[in-house]
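Residue-level structure breakdown
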Amino acid sequence: MTERTISGSAYEAAEAAAKPLKEKLGGVPDLALVMGSGWVPAADALGETEAEFPVTELPGFTAAAALGHAGRIRAVRLAESGKLAAVFLGRTHYYEGHGVARVVHGVRTVAATGCRTIVLTNGCGGINADYVVGQPVLISDHLNLTAQSPIVGANFVDLTNLYSPRLRELCKQVDPSLSEGVYVQLTGPHYETPAEIRMLRTLGADLVGMSTVLEAIAAREAGMEVLGISLVTNAAAGMTGEPLSAQEVIDAGNAAASRMGALLRDVLGRI
Ligand SMILES: O=P(O)(O)O[C@@H]1C[C@H](O)[C@@H](CO)O1
Ligand SMILES: Nc1nc2[nH]cnc2c(=O)[nH]1
């Protein structure tokens, strides 16, 4: 599918991919999850895998290009509730250069199957000095510094309470120690300068990453209830004096995988 086709009819592309996705999943998923950097190993704790396939078997998807992103979709029968989950093992990032429509194609497609709830996870930098590496943080709101929107046309979507207060409350019932924070998405793929982190802190950001925001906007436009959870994989640039690396992000995710899997499993059991 050419870039022109998907960007010109991004919504139709999602409708076209929804039918094969439903077939491969074995039905309409009760909820969807996007496993970001460091979260993919946690997917194994969620329940029984009933099917798994490369995203490229569906129209409009691009093979994963980021370290730690598998580019596969898994149908999981959730351990606690027996519900069906569509688990995206990895995502397409804006910095891969395929355009915003491709970044949100997975969210739009699973919404087009009739799924109404999505959990977006990511690995990110901790700007808030109270956070420690390996800590999960509930996203309470976001700053979109990509200068992009996934929405095409004069559809003035409200983003109030975009990150579901109901689902955040469920998470806090599972783990009352969970913190909440404001997530900012930049385009990447470069990390931030220390001066930019100081700017982002002044703007009110607690977490900095390269995903999630555009997907959340597309999910809201499609009428989905959204939960966002970040894993702090590193202190943001300039906070420790140490350089940042993608491997550090993956390593922190692997170290936190069992805790993140247990958290997700318990939370999903309540949704
Ligand atoms: O998909 P996420 O946002 O978790 O991945 C982040 C952003 C980059 O792909 C990578 C940078 O280390 O991790
Ligand atoms: N932009 C950004 N993305 C990340 N993903 C993981 N860590 C970081 C970070 O420090 N900055």
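Starting afresh in each chain, residues are numbered from 1 along the sequence in its written order. To read the labels, note that chains go from A and ligands from 1, taken in the order they are written. Restriction of local features to residues with pLDDT of at least 70 applies here, the model being predicted, together with a cutoff of 80 or more for giving and counting side-chain atom pairs; totals for whole chains, interfaces and linings are based on all residues. Side-chain metrics rest on all non-hydrogen atoms present in the structure, leaving aside hydrogens and water.

As recorded in an unreviewed UniProt entry, the protein goes by Purine nucleoside phosphorylase and comes from Actinospica acidithermotolerans. UniProt positions are given in the numbering used here, feature names are shortened, and annotations may be inferred rather than shown by experiment. Annotation of the protein in UniProt includes, under Pathway (unreviewed entry), the sentence "Purine metabolism; purine nucleoside salvage."

**Observations regarding the UniProt feature "binding site: a purine D-ribonucleoside" (unreviewed entry) in the protein**
The UniProt feature table records "binding site: a purine D-ribonucleoside" (unreviewed entry) at Glu192 and Asn234. Spanning 43 residues, the named residues nonetheless gather at one spot, since no C-alpha pair among them exceeds 12.3 Å. For glutamate 192, the position within the fold is in the loop between strand 7 (179-185) and helix 6 (194-203). For this analysis, residues touch if any pair of their heavy atoms sits within 4.5 Å. Setting aside its immediate chain neighbours within four residues, glutamate 192 contacts Leu186, Ile197, Leu200, Val208 and Ala237. Secondary structure elements follow DSSP: runs of H or I of four or more residues count as helices, runs of E of two or more count as strands, with numbering from the N terminus.

**Some words on the UniProt feature "binding site: phosphate" (unreviewed entry) in the protein**
Under the feature "binding site: phosphate" (unreviewed entry), the UniProt entry names Ser37, His69, Arg91, Thr92, His93, Gly123 and Ser211. Positionally, histidine 93 belongs in the loop between strand 4 (84-89) and helix 3 (100-103). What makes histidine 93 buried here is its relative accessible area of 6%. Buried means the residue's accessible area, taken with a 1.4 Å probe over protein chains only, is under 20% of the maximum for its type, while exposed means over 50%, and partly exposed covers the values in between.

**Focus on the packing of helix 2 (residues 10-25) against helix 4 (residues 105-112)**
Here an angle of 0 to 180 degrees is reported between the N-to-C directions of two axes, which are lines fitted to C-alpha atoms, with helices fitted over the stretch in contact. Here helix 2 crosses helix 4 at 60 degrees, and the two axes come no closer than 7 Å. Taken together, the axis directions place helix 2 and helix 4 in an arrangement best described as oblique. The way helix 2 lies across helix 4 gives a crossing that is right-handed. Of the residues in helix 4, those touching helix 2 at Ala10, Tyr11, Ala13, Ala14, Glu15, Ala17, Ala18 and Leu21 are His105, Arg108, Thr109, Val110 and Ala112. Of the residues contributing to the contact of helix 2 with helix 4, the split by class is 9 nonpolar, 2 polar and 2 charged. Here is the rule for angles: anything less than 35 degrees is roughly parallel, anything more than 145 is roughly antiparallel, 65 through 115 is roughly perpendicular, and the remaining ranges are oblique. The hand of a helix crossing depends on one turn: near helix anticlockwise from the far one by less than a right angle means left-handed, and clockwise means right-handed. When residue character is reported, Ala, Val, Leu, Ile, Met, Phe, Trp, Tyr, Cys and Pro are called nonpolar, Asp, Glu, Lys and Arg charged, and the others, Gly included, polar.

**Some remarks on the confidence of the model for the protein**
On average, residues of the protein carry a pLDDT of 93, and 95% of them reach 70 or more. Within the model, pLDDT remains below 50 along residues 1-7, and this stretch shows 14 contacts once partners closer than five positions in the same chain are excluded. Scoring the predicted complex yields pTM 0.95 and, for the interface, ipTM 0.97. As a per-residue measure, pLDDT tells how confident the predictor is, with possible values from 0 to 100.

**Remarks on helix 5 (residues 165-174)**
When we look at burial in helix 5, the residues that qualify are Leu167, Arg168, Leu170 and Cys171. Down the axis of helix 5, the sector holding all buried residues measures 155 degrees, keeping them to one side. Looking at the buried side of helix 5, the elements it contacts are strand 5 (117-126), strand 6 (136-144), strand 7, strand 9 (225-235) and helix 8 (246-268). Along the arc lie the directions from the helix axis toward the C-beta atoms.

**Considerations on the pattern of salt bridges**
A side-chain nitrogen of Lys or Arg and a carboxyl oxygen of Asp or Glu constitute a salt bridge if their distance falls within 4 Å. On inspection of all chains with the given rule, the structure shows 14 salt bridges. The partner of glutamate 23 in a salt bridge is lysine 19, with the nearest N and O atoms 2.8 Å apart. One end of the pair is glutamate 23 and the other is lysine 19, both in helix 2 and 4 residues apart, which spans about a single turn. Summarising the burial analysis for this pair, glutamate 23 and lysine 19 share the class exposed.

**With respect to the packing of aromatic side chains**
Both the distance between ring centres and the angle between the ring planes are used here to describe each pair of aromatic rings. Stacked, tilted and edge-to-face are the three classes applied to pairs of Phe, Tyr and Trp rings, where Trp contributes its six-membered ring and a pair requires centres within 6.5 Å; stacked means planes under 30 degrees apart, edge-to-face means over 60, and tilted covers the rest. Within this structure, the stated rule accounts for 0 aromatic pairs. Throughout this description, the term charge over a ring refers to an Arg CZ or Lys NZ atom that lies within 6 Å of the ring centre and within 35 degrees of the ring normal. A cation sits over an aromatic face here: arginine 108 above tyrosine 11, 4.1 Å from the ring centre.

**Structural notes on the side chain of arginine 108**
Along the polypeptide, arginine 108 turns up in helix 4. Given the relative accessible area of 5%, arginine 108 is considered buried. A distance of 3.1 Å separates a polar atom in the side chain of arginine 108 from a polar atom in the side chain of glutamate 221. Here a polar contact means two N or O atoms within 3.5 Å. Within protein one must be a hydrogen donor candidate and the other an acceptor candidate, and residues neighboring in sequence count only if both atoms are side-chain atoms.

**Details of unusual backbone geometry**
The residue after glycine 188, namely proline 189, is reached through a cis peptide bond having omega 0 degrees. Mapped onto the elements, proline 189 comes out in the loop between strand 7 and helix 6. Of note, alanine 147 is a non-glycine position whose phi angle comes to about 60 degrees, a positive value. Assignment of secondary structure puts alanine 147 in the loop between strand 6 and helix 5.

**Observations regarding the site of ligand 1**
In the region of ligand 1, 12 residues are neighbours, and Ser37, His93, Tyr95, Tyr191 and Ser211 sit closest. A distance of 2.8 Å separates an oxygen atom of ligand 1 from a polar backbone atom of serine 37. One of the side-chain N or O atoms of serine 211 is found 2.6 Å from an oxygen atom in ligand 1. Only the protein chains shown count as covering a residue, and every accessible area follows the Shrake-Rupley method with a 1.4 Å probe. Considered on its own, ligand 1 offers 340 Å² of accessible surface; in the complex 93% of this is hidden by protein. Partitioned by chemical class, the residues of the shell around ligand 1 number 4 nonpolar, 7 polar and 1 charged. We call a residue near a molecule or strand when any one of its heavy atoms sits within 4 Å of it.

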